[in-house]
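Letter by letter, the chains look like this.
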Amino acid sequence: MSATTIVRIPIFPFNMVNAHLIKTDEGCILVDAGTPGSQRKFERVLRQNNLSFDDIKLIIVTHAHTDHAGGAARLRELSGAPIMAHEDDAGYYSRKEPMTFCPTGPVGKLFFKTPLPHESYEGFVPDIMMRNGDIVDLRDFGAEGVVRHTGGHTPGSIAVELSSQDALVGDLVASGILIGGIAFNGHAIRPPFEDDPQKVSRELQRLVESGAKRFYMGHGGPLGASEVLRHAQSLSRILPHSCASGQCDHARPLC
Ligand SMILES: [Zn+2]
Ligand SMILES: [Zn+2]
């Protein structure tokens with residue numbers, strides 16, 4: 001199996017929104033698809049790495065927020081690569097259910113009032129639909145590692161764990177201020193929205209304990225294991241959020 005390199009794809013500048021490329025000798029895997037209409041940004045980074053859309057073996061969408069799933073349908077058209085995602089976000093991917101948002105604080109509440117998180121995107125059905133408890137081996141797609149369901153940020157959030165000790169975790173953790181690494185990029189924070197901080201905390205601790213050393217995220221990053229662990233431990237002290245405690249019926253757009 002070939003060595004892997006993680007390449008950041010800037011969707012917005014200053015680490016505000018990232019997608020990533022897992023580059024191997026056999027091609028590449030995309031992790032997240034950016035906002036709708038981001039394909040030129042992917043094309044540019046692919047070209048800089050002597051790759052094209054044809055080299056994409058798989059498109060992993062970590063969760064259904066528009067900054068991660070928005071460009072997926074178009075990137076599938078351009079590459080012919082299958083989309084992998086989890087069924088617990090499938091209703092959002094198909095656009096049949098309205099996305100719900102659980103703000104983590106004043107920034108999340110303010111961000112919710114902007115058009116950004118609500119930007120509509122072309123719906124899709126994932127070609128590889130993960131179901132609860134599934135662990136998918138990436139060997140068939142040229143990389144050594146697995147994709148695992150974490151939930152926590154959204155019901156169907158998934159994370160990539162590579163044997164190179166790199167973890168690509170979507171929005172399980174963020175860094176910087178507001179939605180990215182404009183400043184304090186090395187400081188872990190909660191993203192603007194998060195369904196279940198206790199679950200996120202357990203998953204981040206599990207990742208650190210299983211040997212992940214570098215964490216690549218949708219906003220800010222990358223972060224080292226010790227900073228992620230500090231954040232995970234502080235999350236575990238947060239009282240259960242109404243979304244996590246089952247009081248939220250997820251029928252409303254905002255918990
Ligand atoms: Zn998100
Ligand atoms: Zn995000």
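Per-chain numbering applies: the sequence of each chain, read as written, is numbered from 1 onward. Working convention: letters from A go to chains and numbers from 1 go to ligands, in the order in which they are written. Owing to the predicted nature of the model, reporting of local features is limited to residues with pLDDT of at least 70; listing and counting of side-chain atom pairs is limited to 80 or more, with chain, interface and lining totals taken over all residues. Side-chain numbers here rest on the full set of heavy atoms in the structure, without hydrogens or water.

Things to note about the coordination of the zinc ion (ligand 1)
This is how the line gets drawn: We call an atom a donor if it is N, O or S and sits within 2.8 Å of the metal, or 3.2 Å for Na, K and Ca. Water is not counted, so some sites may look partial. Just to be clear on the cut-offs, tetrahedral is four donors with all angles between 85 and 135 degrees, square planar is four donors and octahedral six with opposite donors over 155 degrees apart and all others between 65 and 115, and anything else goes down as irregular. Exposure classes here rest on a 1.4 Å probe applied to the protein chains alone. A residue is buried below 20% of its type maximum, exposed above 50%, and partly exposed in between.
At 2.1 to 2.2 Å from the zinc ion (ligand 1) lie its protein donor atoms, namely His63 (NE2), His65 (ND1), His153 (NE2) and Asp171 (OD). One way to put it: the 4 donor atoms around the zinc ion (ligand 1) meet at angles of 94 to 161°, and that makes the site irregular. One chain supplies every donor for the zinc ion (ligand 1), spaced along it as H-x1-H-x87-H-x17-D. The zinc ion (ligand 2) is placed at 3.4 Å from the zinc ion (ligand 1), the two being bridged by Asp171. There is no split in this pair, since His63 and His65 are both buried.

Focus on the coordination of the zinc ion (ligand 2)
Those donors, Asp67 (OD), His68 (NE2), Asp171 (OD) and His219 (NE2), are the protein atoms that reach the zinc ion (ligand 2), and they lie 2.1 to 2.2 Å from it. Around the zinc ion (ligand 2) sit 4 donor atoms; with metal-centred angles ranging over 87 to 168°, the donor geometry is irregular. Counting residues between consecutive donors of the zinc ion (ligand 2) along the chain gives the motif D-H-x102-D-x47-H.

Regarding the packing of helix 6 (residues 197-209) against helix 7 (residues 225-235)
Packed helices, taken two at a time, are described by the angle their axes make and the gap between the axes. Our working definition: Think of each axis as a best-fit line through the C-alpha atoms, taken over the contacting stretch in the case of a helix, with angles from 0 to 180 degrees between the N-to-C directions. Runs of E in the DSSP output that reach at least two residues are strands. Runs of H or I that reach at least four are helices, and both are numbered from the N terminus. Roughly parallel means an angle under 35 degrees; roughly antiparallel means over 145; roughly perpendicular covers 65 to 115; every other angle is labelled oblique. By definition, any crossing whose near helix is turned counterclockwise from its far helix by less than a right angle is left-handed, and any crossing with a clockwise turn is right-handed. The contact criterion used throughout is that any non-hydrogen atoms of two residues lie within 4.5 Å. For this classification, the nonpolar set comprises Ala, Val, Leu, Ile, Met, Phe, Trp, Tyr, Cys and Pro, the charged set comprises Asp, Glu, Lys and Arg, and every other residue, Gly included, is treated as polar.
Interhelical geometry of helix 6 versus helix 7 gives an angle of 150° and a closest axis separation of 8 Å. Relative to helix 7, helix 6 is oriented roughly antiparallel. Relative to helix 7, the crossing made by helix 6 is left-handed. Along its contact with helix 6, which presents Pro197, Gln198, Val200, Ser201, Leu204, Gln205 and Val208, the element helix 7 presents Ala225, Val228, Leu229, His231, Ala232, Gln233 and Leu235. In terms of residue class, the contact of helix 6 with helix 7 is built from 9 nonpolar, 5 polar and no charged.

Considerations on the nonpolar core
Our working rule: Residues belong to a common nonpolar core when they are buried Ala, Val, Leu, Ile, Met, Phe, Trp, Tyr or Cys residues joined through side-chain atoms within 4.5 Å.
Among the nonpolar cores identified, the biggest contains 34 residues, and Leu21, Val61 and Phe124 are the most heavily contacted of them. Setting aside anything within four residues of it in sequence, one finds Leu21 in contact with Thr5, Ile6, Val7, Ile9, Cys28, Ile29, Leu30, Val45, Leu46, Asn49 and Leu51.

With respect to the pairing of strand 8 (residues 145-149)
Convention followed: Two strands pair under a simple rule: DSSP has to find at least two bridges between them.
Of the two faces of strand 8, the one lined by Gly145, Val147 and His149 is fully buried and the one lined by Val146 and Arg148 carries no buried residue. Here 3 bridges tie strand 7 (residues 135-137) to strand 8, and the two strands are oriented antiparallel to one another. By the bridge assignment, Val136 is partnered in strand 8 with Val147. Where strand 8 lies against strand 9 (residues 158-162), 5 bridges are found, and the strand directions are antiparallel.

Some remarks on the sheet that holds strand 13 (residues 214-216)
Taken together, 6 strands build an open sheet; the order of strands is 7-8-9-10-13-14 and the sheet is mixed. The open sheet terminates on both sides in strands that have one partner only, identified here as strand 7 and strand 14 (223-224). Of the pairings in the sheet, the one linking strand 9 to strand 10 (residues 166-168) comprises 2 bridges and is antiparallel in character. Residue pairing in the sheet places Val160 in a bridge with Leu168 of strand 10. Along the sheet, helix 6 contacts strand 8, strand 9, strand 10 and strand 13; its crossing angle with strand 13, the most-contacted strand, is approximately 140°.

Focus: the confidence of the model for the chain
Formally: Values of pLDDT, the confidence the predictor places in each residue, fall between 0 and 100.
In this model, the chain carries a mean pLDDT of 91, and residues with pLDDT of at least 70 account for 91%. Below pLDDT 50 for its whole length, residues 249-255 participates in 19 contacts with residues either more than four positions away or in separate chains.

Examining helix 7
The following threshold applies: The reported arc concerns the directions from the helix axis to the C-beta atoms and nothing else.
Of all the residues in helix 7, the buried ones are Ala225, Glu227, Val228, His231, Ala232 and Leu235. For helix 7, the buried positions fall inside an angular range of 160° around the axis, keeping them on one side. In this fold, the buried residues of helix 7 make contact with strand 12 (188-189), helix 6, strand 13 and strand 14.

Here's the deal with the sheet that holds strand 6 (residues 128-130)
Taken together, 6 strands build an open sheet; the order of strands is 1-2-3-4-5-6 and the sheet is mixed. Bordering the open sheet on either side are strand 1 (5-12) and strand 6, each of which pairs with just one other strand. With direction set aside, neighbouring strand axes in the sheet form an average angle of 20°. Relative to strand 5 (residues 83-86), strand 4 (residues 56-60) runs parallel, the two sharing 2 bridges. The residue of strand 5 that forms the bridge with Ile60 is Met84. Along the sheet, helix 1 (residues 39-48) contacts strand 1, strand 2 (17-24), strand 3 (27-31) and strand 4; its crossing angle with strand 1, the most-contacted strand, is approximately 150°. Running at roughly 170° to strand 4, helix 3 (residues 72-79) makes contact with strand 3, strand 4 and strand 5 of the sheet.

Quick notes on unusual backbone geometry
Excluding glycine, residues mostly carry a negative phi; peptide bonds, for their part, are mostly trans. Between Gly221 and Pro222 the backbone carries a cis peptide bond, its omega angle lying at 0°. Along the chain, Pro222 falls in the loop between strand 13 and strand 14. Of note, the phi angle at Arg95 is positive, near 70°, even though the residue is not glycine. Structurally, the position occupied by Arg95 is in the loop between helix 4 (90-93) and helix 5 (106-112). Of the residues examined, Arg95 reaches a relative accessible area of 35% and is grouped as partly exposed.

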